[in-house]
Amino acid sequence: MFRKLLDKLRRKYKEVFFVGATDKLPPPLSKEDETKYVILAENGDTKAKDKLIEHNLRLVVFLAKKYESTGYDIEDLVSIGSIGLIKGINTYKLSKNIKLATYASRCISNEILMFIRKNKNRKAEVSLEESLNFDAEGNELHLEDILGTEDDVVPKEFEHNMNKEILNKEIAKLSQRDRQIMILRYGLNNSREYTQKEVAKILGISQSYISRIEKKVINSIQTITM
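The residue count restarts for each chain, going from 1 along the sequence in the order it is written. At least 70 in pLDDT is required for a residue's local features to be given in this predicted model, at least 80 for side-chain atom pairs to be given and counted, and no such filter applies to totals for whole chains, interfaces and linings, which use all residues. Note: side-chain values were computed over all heavy atoms of the structure, leaving out hydrogens and water.

1. Notes on the packing of aromatic side chains
So, step 1. The rule is short: rings of Phe, Tyr and Trp, with Trp giving its six-membered ring, pair when the centres are within 6.5 Å, and they are stacked under 30 degrees, edge-to-face over 60, tilted in between. Per the stated rule, a full pass over the model turns up two aromatic pairs.
So, step 2. Arranged with centres 5.6 Å apart and planes meeting at 50 degrees, the rings of Y92 and Y103 form a pair that is tilted. Here the residue Y92 occupies a position in the loop between helix 6 (74-91) and helix 7 (100-118), and Y103 occupies one in helix 7, the gap between them amounting to 11 residues. Across the pair, Y103 and Y92 agree in class, each one buried.
So, step 3. In this scheme, the term charge over a ring applies when either NZ of a lysine or CZ of an arginine sits within 6 Å of the ring centre and within 35 degrees of the ring normal. Note that R192 overlies the ring of Y194, its terminal NZ or CZ placed 3.9 Å from the centroid. In DSSP terms, a helix is any run of H or I states spanning at least four residues, a strand is any run of E spanning at least two, and both are numbered starting from the N terminus. Throughout, exposure labels follow a simple rule: accessible area from a 1.4 Å probe, protein chains only, divided by the maximum for the residue type, with under 20% read as buried, over 50% as exposed, and the rest as partly exposed.

Set out below in C-alpha cells:
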C-alpha cells in the first residue's frame, strides 16, 4: 500500500523528491479544511487522505533536509519520510488532542531515524547533539531526544560518588526549570530523590529532555573533577 502511494507521489512531485524543492508543493490546509478532511479520512475517504498527505509534504522535505548531513541522498530521505507521513495520516485521529502537523512530524522523523539506524554503517555519522526543532513546551529538540532514552541513564559511579558542593555550583548556572530538574533528581535542599520518569510527570516535560539536562551537568562536573 505504501509503495503504490509513494510511487504516485514521486511521479507527481518528481522535482521535490530529487532536489528537495518545496515551491512545487501545495500549501498547508487551513484549519477548517484540515479538520474537514481529517473527519472524511477517519471515515475511510481515501481521497481525503491523499489530500492530507499532499498538503503536508512540506513537513517531509523540511525534516528530510535536517538529516542531509548524514550522507544520505535527499531523494532517499524524502521517500522514507513520506512513508512516515502516510503512516501518520493513516493513524491520526482528532481524538488524539494533538495537532496533525505535530503528530505527522513525529511519524516522519521516526521513519527517517529507523532508516538511519538500519543503515548506521554509512560513512557519515549522525550527531546526537544536532538541533532539530522545538517541542510543545519550547524545549530545543535534539536527535538524541527523538531516538529516546533509557530510564535514568547516568553513570552509576558518578551517582554514588558525586561531590554535592560542585553539583550545587553547576546547578546554580542553570535556568530555573533546569535547576529544578537537578534538585528533584538528586534530592537537594533536603528533598527526596525522584526518578527521571517522576520528574517528567511533575514538571510536565519529556523524560528525554530531563536526561539530556542531567547528562549535560554531569559531563560538566566530570570535566572539573578530572
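2. Quick word on the nonpolar core
So, step 1. Among buried residues, those of type Ala, Val, Leu, Ile, Met, Phe, Trp, Tyr and Cys that are joined through side-chain atoms within 4.5 Å constitute a nonpolar core. Among the nonpolar cores identified, the biggest contains 37 residues, and L52, I53, L57, L85, I108 and I112 are the most heavily contacted of them.
So, step 2. Among the secondary structure elements, those contributing two or more residues to this core are helix 1 (2-12), helix 3 (31-42), helix 4 (46-54), helix 5 (57-66), helix 6 and helix 7.
So, step 3. Counting residues per element, this core draws most heavily on helix 7, which supplies nine residues.
So, step 4. The contacts of I112, once residues within four sequence positions are left out, are L63, A64, Y67, L77, I80 and G81. Contacts are assigned to residue pairs that have any heavy atoms within 4.5 Å of one another.

3. Thoughts on the packing of helix 5 against helix 6
Axes are the key here: two packed helices are described by the angle between their axes and the distance separating the axes.
So, step 1. Their axes nearest at 9 Å, the elements helix 5 and helix 6 cross at an angle of 130 degrees. It follows that helix 5 is oblique to helix 6 by the angle criterion. Viewed along their axes, helix 5 and helix 6 form a crossing whose handedness is right-handed. Of the residues in helix 6, those in contact with L57, V60, A64 and K65 of helix 5 are I74, L77, V78, G81, S82 and L85.
So, step 2. Throughout this entry, Asp, Glu, Lys and Arg are counted as charged residues, while Ala, Val, Leu, Ile, Met, Phe, Trp, Tyr, Cys and Pro are counted as nonpolar. The remaining residues, Gly among them, count as polar. Taken together, the residues of the contact of helix 5 with helix 6 sort by class into seven nonpolar, two polar and one charged. Structural elements are reduced to axes, namely lines fitted to C-alpha atoms, with helices fitted over the stretch in contact, and the angle between N-to-C directions of any two is expressed from 0 to 180 degrees. Any angle from 65 to 115 degrees is called roughly perpendicular, while one under 35 is roughly parallel, one over 145 is roughly antiparallel, and all others are oblique. We call a crossing left-handed when the near helix sits turned anticlockwise from the far one by less than a right angle, and right-handed when that turn is clockwise.

4. Details of helix 6
So, step 1. The length a helix should cover is 1.5 Å for every residue beyond the first. An ideal rise of 1.5 Å per residue puts 26 Å on 18 residues; helix 6 measures up with 25 Å between its terminal C-alpha atoms.
So, step 2. With 14 of 18 residues buried, helix 6 lies mostly within the body of the structure.

5. So, the confidence of the model for the protein chain
So, step 1. Within the protein chain, residue pLDDT values average 75, and 72% of them lie at 70 or more.
So, step 2. Taking the mean pLDDT of every element in the protein chain, the minimum, 40, falls on helix 9 (residues 156-161) and the maximum, 93, on helix 3.
So, step 3. Counting interchain partners and residues more than four positions distant, the pLDDT-below-50 stretch residues 132-138 has 18 contacts. Per residue, pLDDT measures the predictor's confidence, with a range of 0 to 100.

6. Some thoughts on the side chain of D178
So, step 1. For D178, the location among the structural elements is in helix 11 (residues 176-186).
So, step 2. His is not counted, nor are the chain ends; Lys and Arg add positive charge and Asp and Glu add negative charge. By definition, a salt bridge exists where a carboxyl oxygen of Asp or Glu is found within 4 Å of a side-chain nitrogen of Lys or Arg. For the buried D178, which has no salt bridge, the nearest side chain bearing the opposite charge is R177, at an N-O separation of 4.7 Å.

7. Side note on the pattern of salt bridges
So, step 1. Following the criterion strictly, the structure yields three salt bridges and no others.
So, step 2. Across the pair K87 and E111 runs a salt bridge, and its minimum N-O distance is 3.1 Å. With K87 in helix 6 and E111 in helix 7, this residue pair connects regions lying 24 residues apart in the sequence.
So, step 3. Across the pair E214 and R185 runs a salt bridge, and its minimum N-O distance is 2.9 Å. With E214 in helix 13 (residues 207-225) and R185 in helix 11, the pair connects residues that are 29 residues apart, well separated along the chain. Taken individually, E214 and R185 each receive the classification buried, so the pair is uniform in this respect.

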